[in-house]
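A closer look at the structure
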Amino acid sequence: MPPYSALIPLLTHTTVVVEELKLAGVRTVMCTGDNLLTAVCVGRDCSMIPDNADLYIVTASITPDHCLDVSYKLQAYTPTGLHIDKDRNLYRGPYRNTHLAMDGHTFELISKYDQKLMDKVCVTGTIFARFSPAQKMTLIDEMQQRSYSVCMCGDGANDCEALQHSNVGIALSKCEASLAAPFTSSVYDVSCVPVLLKEGQGALENSMAVFRFTAMYSLIQYLSVMLLIPYVSILGDYQYLFEDLAIVLTIDFALGYTRPSRQLSAKRPHGSLMHPFMIYSFILQTGLVVGFILFSMWMVQQQPWYNPFSEIRAEHLIEQELYVPFFETTVNFIHSSFQYIIMALVFSIGHPHRRPLWTNIPMVVSLVITLGVMMMVLFTPPDKIPALELATIPNVHYKMTMLILVGVNLLLSLAVEYSYRVIKPLQYLLKLLRFKKGYKNKFKYIIDELDAHKDFPPNSCSEMGC
């Protein structure tokens with residue numbers, strides 16, 4: 001999900017919204033049908049253009065020999081007002097502190113005659129005034145061609161085309177614009193923009209969490225069955241049913257109800273299942289699952305009350321489709337069932353895109369119920385719950401040891417999940433493993449070019465190209 005370029009008209013709360021979007025690394029652009037200097041003043045007032053930034057008024061025309069003539073005039077800003085200053089070198093600054101302002105006619109000429117200059121306009125342009133509906137749509141198309149994801153806010157019929165062509169269109173009225181935009185704000189100001197972005201980040205994180213939990217559930221169940229093959233044993237039918245209905249189903253439904261964070265984050269959520277962090281987490285969590293199930297099965301074999309069945313007797317019973325309640329099967333089933341709850345807790349980590357786990361009431365209720373049910377299964381004599389077909393573990397101290405083992409498993413699983421978020425060298429190493437040869441987004445190449453040459457706008461007050 002590349003950075004957004006939000007096109008928003010000035011309404012109430014705009015200054016607060018613009019500052020919030022800046023902190024989140026979201027670029028803001030004004031596209032309006034009003035006068036250019038009026039738009040510039042509004043852009044200054046709402047902090048789209050900082051007081052210490054260089055703002056250039058760009059004008060373009062076609063010469064008699066059909067060449068594009070582009071001129072840049074520096075607009076100096078003072079506390080008492082603003083004026084046009086032709087000596088642009090007086091306030092020359094680096095590219096990232098440079099903003100362009102132009103009208104629709106200039107934009108149309110640059111788009112038609114100089115796509116190289118249009119690259120720089122899309123990256124440094126902030127104020128676009130006197131734009132017709134078609135020119136607004138062209139601006140969005142030009143930005144999308146340079147890999148920007150564009151969020152457009154509009155409140156009139158002249159914004160309909162732009163709202164339809166943008167990646168995210170938000171109508172600020174219930175009139176014509178609401179028919180063209182996929183989203184309509186009930187509050188007619190741009191405070192809905194960060195709300196929508198936060199909802200998008202939270203929804204993506206929730207979707208990834210639910211998928212990861214479902215994938216780990218399938219893997220845990222598969223591995224628990226595979227680890228029983230050397231003992232010529234399998235899980236019982238009601239044990240499968242118990243895991244699927246009593247634990248996994250309730251957690252799966254509740255996991256996606258976590259609300260988005262109250263603060264818009266500059267960090268993008270992981271949008272790919274093949275992201276190095278996803279693979280890193282998946283591999284280490286799988287290793288912990290296998291390690292703890294094997295350790296719990298080995299531990300029960302060391303107990304003085306352990307009584308193994310002979311393999312010949314077990315094979316004979318299985319051939320007759322009779323279930324044999326091995327100690328290994330019982331320990332495997334109990335620990336793997338606890339691991340579903342552990343994975344739910346691990347994948348509920350929401351920072352920075354979701355609120356904490358305890359704010360998700362359905363998830364908390366689901367975890368409390370499933371944990372209580374598992375405690376009952378662990379400490380209740382098997383003859384009280386015959387459907388689960390568990391072997392009798394006579395030692396209460398061993399059951400407490402199993403519970404401690406589950407706690408250690410939880411701590412290590414949380415450590416794996418938090419390690420990527422906390423350990424900077426690990427983040428750097430996993431980024432190297434992506435083997436990226438370049439940027440996916442075209443605008444990043446344009447930014448690198450501007451950073452490298454630092455000659456835009458040109459040293460002369462005008463430039464000409466044919």
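Small disclaimer: the values here were computed from a predicted structure and weren't measured. (Residues numbered from 1 in each chain as written. Predicted model: local features only at pLDDT ≥ 70, side-chain atom pairs only at ≥ 80, totals over all residues. Heavy atoms only, no water.)

1. A few points about the overall build of the protein chain
Of regular secondary structure, the protein chain possesses 16 helices and 11 strands. For the protein chain, buried positions account for 50% of its 466 residues. The long-range fraction of contacts in the protein chain, counting pairs at least 24 apart against all pairs at least 6 apart in sequence, stands at 72%. Looking at the protein chain as shown, the accessible area adds up to about 22,500 Å², and 62% of this sits on carbon and sulfur atoms. (Helix = DSSP H or I, 4+ residues; strand = E, 2+ residues; numbered from the N terminus. Buried < 20%, exposed > 50% of the residue type's maximum accessible area, 1.4 Å probe, protein only. Contact = heavy atoms within 4.5 Å. Areas by Shrake-Rupley, 256 points an atom, 1.4 Å probe, with all protein chains shown as cover.)

2. Things to note about helix α16 (residues 442–453)
Helix length check: α16 (12 residues) gives 17 Å between terminal C-alpha atoms against 16 Å at 1.5 Å per residue, within 8%. Inspection of α16 places Phe443, Ile446, Ile447 and Leu450 among the buried residues, and these make up the whole buried set. Within α16, the buried residues cover an arc of 100° as seen down the axis, which keeps them to one side. Turned more than 90 degrees away from the buried face of α16, the exposed residues are Ala452 and His453. Those residues of α16 that are buried are in contact with α4 (115–124). Note on α16: the residue one or two positions beyond its end, Lys454, has a positive phi of about 50°. (Expected span 1.5 Å × (residues − 1). Arc of directions from axis to C-beta.)

3. With respect to the nonpolar core
Formed by 58 residues in total, the largest nonpolar core has its most connected members in Phe213, Ile251, Phe333 and Tyr398. Top element by residues in this core is helix α12 (residues 327–346). It accounts for 11 residues. Other than its neighbours up to four places away in sequence, Ile251 contacts Phe213, Tyr340, Ile341, Ala344, Met363, Ser366, Leu367 and Thr370. In terms of nonpolar packing, the next biggest core, distinct from the first, is built from 37 residues, Tyr72, Phe128, Met152 and Leu450 among them. (Core = buried A, V, L, I, M, F, W, Y, C linked by side-chain atoms within 4.5 Å.)

4. Thoughts on the packing of aromatic side chains
Tallying each qualifying case throughout the model produces 11 aromatic pairs. Ring geometry for Tyr306 versus Phe327: centroids 5.9 Å apart, planes at 50°, classification tilted. Of this pair, Tyr306 sits in the loop between α10 (276–301) and α11 (311–319) while Phe327 sits in helix α12; the two residues are 21 residues apart in sequence, bridging distant segments of the chain. In this pair, the class of Tyr306 matches that of Phe327, namely buried. (Phe/Tyr/Trp six-rings, centres within 6.5 Å; stacked < 30°, edge-to-face > 60°.)

5. Structural notes on a nonpolar patch on the surface
A contiguous nonpolar patch, built from Tyr238, Leu241, Leu245, Leu249 and Phe253 and spanning about 540 Å² of accessible area, is present on the exposed surface. Summarising the element assignment, Tyr238 is placed in helix α9 (residues 237–255). (Patch = residues over 30% accessible without salt bridge, like charges linked within 9 Å, V, L, I, M, F, W, Y side chains within 5 Å. Salt bridge = Lys/Arg side-chain N within 4 Å of Asp/Glu carboxyl O.)

6. Here's the deal with the side chain of Gln239
Its place among the elements puts Gln239 in helix α9. Classification of Gln239 as buried rests on a relative accessible area of 1%. Only 2.9 Å separates the side chain of Gln239 from the backbone nitrogen of Gly236, close enough to count as a polar contact. (Polar contact = N/O pair within 3.5 Å; in protein donor to acceptor, adjacent residues only side chain to side chain.)

7. A short note on the pairing of strand β7 (residues 125–129)
Here β7 lies mainly inside the structure; 5 of its 5 residues are buried. Across 2 bridges, strand β2 (residues 27–31) lies against β7 in parallel orientation. When the bridges of β7 are listed, Cys31 appears paired with Phe128. (Pairing = 2+ DSSP bridges.)

8. Focus on the pattern of salt bridges
Evaluation of the coordinates by the stated rule reveals 7 salt bridges. Among the ionic pairs, Glu449 bridges to Lys116, the shortest N-O distance being 3.5 Å. On the criterion of sequence distance, the pair formed by Glu449 in helix α16 and Lys116 in helix α4 is long-range, its members being 333 residues apart. With a relative accessible area of 29%, Glu449 lands in the partly exposed category. Here Arg146 makes a salt bridge to Glu142, at a shortest N to O gap of 2.8 Å. By relative accessible area, which is 1% here, Arg146 ends up buried. Since its relative accessible area comes to 6%, Glu142 is described here as buried. Counted as one network, the salt bridges with shared partners bring together Asp119, Glu142 and Arg146.

9. Let's talk about the packing of α9 against α12
For the pair α9 and α12, interaxial distance at closest approach is 10 Å and the crossing angle is 5°. As summarised for this structure, α9 and α12 are arranged roughly parallel, according to the angle between their axes. Seen from α9, the contacting residues are Gln239, Phe242, Glu243, Ile247, Val248, Ile251 and Leu255; seen from α12, they are Thr329, Phe333, Ser336, Ser337, Tyr340, Ile341 and Ala344. Its residues placed into classes, the contact of α9 with α12 shows 9 nonpolar, 4 polar and 1 charged. (Axes fitted to C-alpha atoms, helices over the stretch in contact; angles between N-to-C directions. Parallel < 35°, antiparallel > 145°, perpendicular 65-115°, else oblique. Nonpolar A, V, L, I, M, F, W, Y, C, P; charged D, E, K, R; others polar.)

10. A look at the confidence of the model for the protein chain
Averaged over every residue, the pLDDT of the protein chain is 84; the share at 70 or more is 87%. Here residues 80–94 is a poorly scored stretch, pLDDT under 50, and it has 40 contacts once near neighbours within four places are set aside; other chains count. (pLDDT = per-residue confidence, 0-100.)

11. What about the pairing of β2?
Here is the key point about a regular strand: its side chains alternate between the two faces of the sheet. With 5 of its 5 residues buried, β2 lies for the most part within the structure. Going residue by residue along β2, you find Arg27, Val29 and Cys31 tucked away on one face and Thr28 and Met30 tucked away on the opposite face as well.

12. Some points on the environment of Gly236
Here Gly236 is to be found in the loop between α8 (192–226) and α9. Exposure remark for Gly236: the relative accessible area of 3% places this residue in the buried category. Sequence separation between Gly236 and Ala387 is 151 residues, and the spatial gap between their C-alpha atoms is 9.0 Å.

13. Things to note about the packing of helix α3 (residues 104–113) against α4
It is the contact of α3 with α4, at a shortest axis distance of 6 Å, that shows an interaxial angle of 130°. Here α3 is positioned oblique relative to α4, judged by the angle of their axes. Residues Phe107, Ile110, Ser111 and Tyr113 of α3 touch α4, and the partners they reach there are Gln115, Leu117, Met118 and Val121. By residue class, the composition of the contact of α3 with α4 is 6 nonpolar, 2 polar and no charged.

14. Here's the deal with the environment of Pro362
Examined against the element boundaries, Pro362 turns out to sit in helix α13 (residues 361–379). Placed 106 residues apart in sequence, Pro362 and Gly256 show a C-alpha to C-alpha distance of 9.6 Å. Setting aside chain neighbours within four positions, we find Pro362 in contact with Ala254 and Tyr257.

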